[in-house]
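# Coordinate inspection notes
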Amino acid sequence: MTAEQDASPGARPRRRAPQQLLFSFLGSLVLDRGYPPISSRVFLNLLDDLGVAEAAARATLARMTRKGLLARTREGRTARFSLTPWAEDLLREATPRVDSPAPFTHPGGEWTLLSYSMPESRRDLRHQIRARLIWAGFGGLRDGLWIAPGRVDIDAIFAGPEFAGFADLADAFYSVPVEGTDVPRLLHRAWDVAAIRAEHESFLATWTPDRERRGRPLTRLTLLGADWLQLLRTDPGLPAEHLPDGWPAAASTALYRERFGTLEPDATEQLRRLLRDDAGRR
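Here is a short report on the structure shown in this document.

So, how was this worked out
Residues numbered from 1 in each chain as written. Predicted model: local features only at pLDDT ≥ 70, side-chain atom pairs only at ≥ 80, totals over all residues. Heavy atoms only, no water. Axes fitted to C-alpha atoms, helices over the stretch in contact; angles between N-to-C directions. Helix = DSSP H or I, 4+ residues; strand = E, 2+ residues; numbered from the N terminus. Parallel < 35°, antiparallel > 145°, perpendicular 65-115°, else oblique. Left-handed = near helix turned anticlockwise from the far one by under 90°. Contact = heavy atoms within 4.5 Å. Nonpolar A, V, L, I, M, F, W, Y, C, P; charged D, E, K, R; others polar. Core = buried A, V, L, I, M, F, W, Y, C linked by side-chain atoms within 4.5 Å. Buried < 20%, exposed > 50% of the residue type's maximum accessible area, 1.4 Å probe, protein only. Phe/Tyr/Trp six-rings, centres within 6.5 Å; stacked < 30°, edge-to-face > 60°.

Running from N to C, helix α2 (residues 40–49) and helix α3 (residues 54–66) cross one another at 130°; their axes reach a closest spacing of 10 Å. Taken together, α2 and α3 sit at an angle that is classed as oblique. Where α2 crosses over α3, the handedness of that crossing is right-handed. Between α2 and α3, the residues in contact are S40, F43, L44 and L47 and E54, A57, R58 and L61, respectively. Taken together, the residues that form the contact of α2 with α3 break down as 5 nonpolar, 1 polar and 2 charged.

Right, dumping it as C-alpha cells:
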C-alpha cells in the first residue's frame, strides 16, 4: 500500500511507501524532541491523512518493529512506539545532508572510487550495502566499481556490527579525472542524468507554493520530507560544470528550505496538540 499520488501540474506520479512517510515524520518532528512513546492512534491518524489504509498502517508499524527500527510497549490496550537507538543513529546520520544548505555540491572536483567484494555467506546484506552506497552518492560505473562525487567517508558506509569486516574487503581511492577524460559521458554511464533532472523538476512542480497540495501542516511537512529524502537519494550531487545549463538542484534546495521553514512551526504545534489529546484519553 502506498500513499496517494500527487496531481500537481508537471509533477510525476509519486508513490510514497508508508515506511518512507514515517521516517520523514520521525526524523523531522520526533527525533531528539524528548517526546514519550507515541501511541498507535497518532500514527494511524497521520497515515490516514496521507491516504494509507489502517491495515497497511498497522502492518508498517509491525514491520518496522520487527526490523528493530521501532520499540513497542503496551499501556493498557494501547500500543506505543518509540525510535530504537539504531533508528536514532540512522536518522542522525542523514540529518547533516537533509539540513545542508548545499546538499548537491562537493568541493574540489575530486571523486571517490570504490570496489568491494561480498562474501557468499553474507549475500543477505547486499541490499543494505547498496542502499548505503546510493545514499552516499555512489553510482555503478561498471561491474564491481562504484564512483561518487567528492570525498566519501567509506568507514561510515560499513559502520555497524552487521557489517563487521566488510571494510577490509573494500578498496577505495580519492582521485581526479585524467586530462581529456569525457566527464559528462562518465556521468551518463554511472547515473541516469535525465531521470535525476526529472526528479528535481517534479519536486519543484509539487512544492512550489501556488501548486502545492493543500492539507494540514503535519501532513504536508511529512510529505515534503519524504519527497526531499527521495530527491537526496536520487541526486548524488553531480558537478554543475558537467551538467546541462539550468540544472535545477539549487532551486530545489531553496524551495525545500523555504517550505520546511514555513511548515515546521505549525506542524510541530499540531503534533503537540495530538499528543496532548492522546494523553487525555489514557
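In terms of nonpolar packing, the biggest core is built from 64 residues, with F25, L26 and L187 touching the most fellow members. Not counting residues up to four positions away in its chain, the partners in contact with L187 are W111, V193, L238, P239, H242 and L243. Listed in part, the 16 residues of the second largest apolar core include Y116, L133, F138 and F158.

This part takes up the packing of aromatic side chains. This structure, assessed with the given rule, holds 8 aromatic pairs. Seen from their ring centres, W228 and Y256 are 4.3 Å apart, and the 5° between their planes marks the pair as stacked. Of the two residues, W228 sits in helix α9 (residues 217–234) while Y256 sits in helix α10 (residues 249–280), which places them 28 residues apart along the sequence. Neither residue differs from the other here; W228 and Y256 are each classed as buried. Between Y256 and F260 the ring centres are 5.8 Å apart and the planes differ by 40°, which places this aromatic pair in the tilted class. Within this pair, Y256 and its partner F260 are both found in helix α10, separated by 4 residues, close to a single helical turn. Each member of the pair, Y256 as well as F260, is classed as buried.

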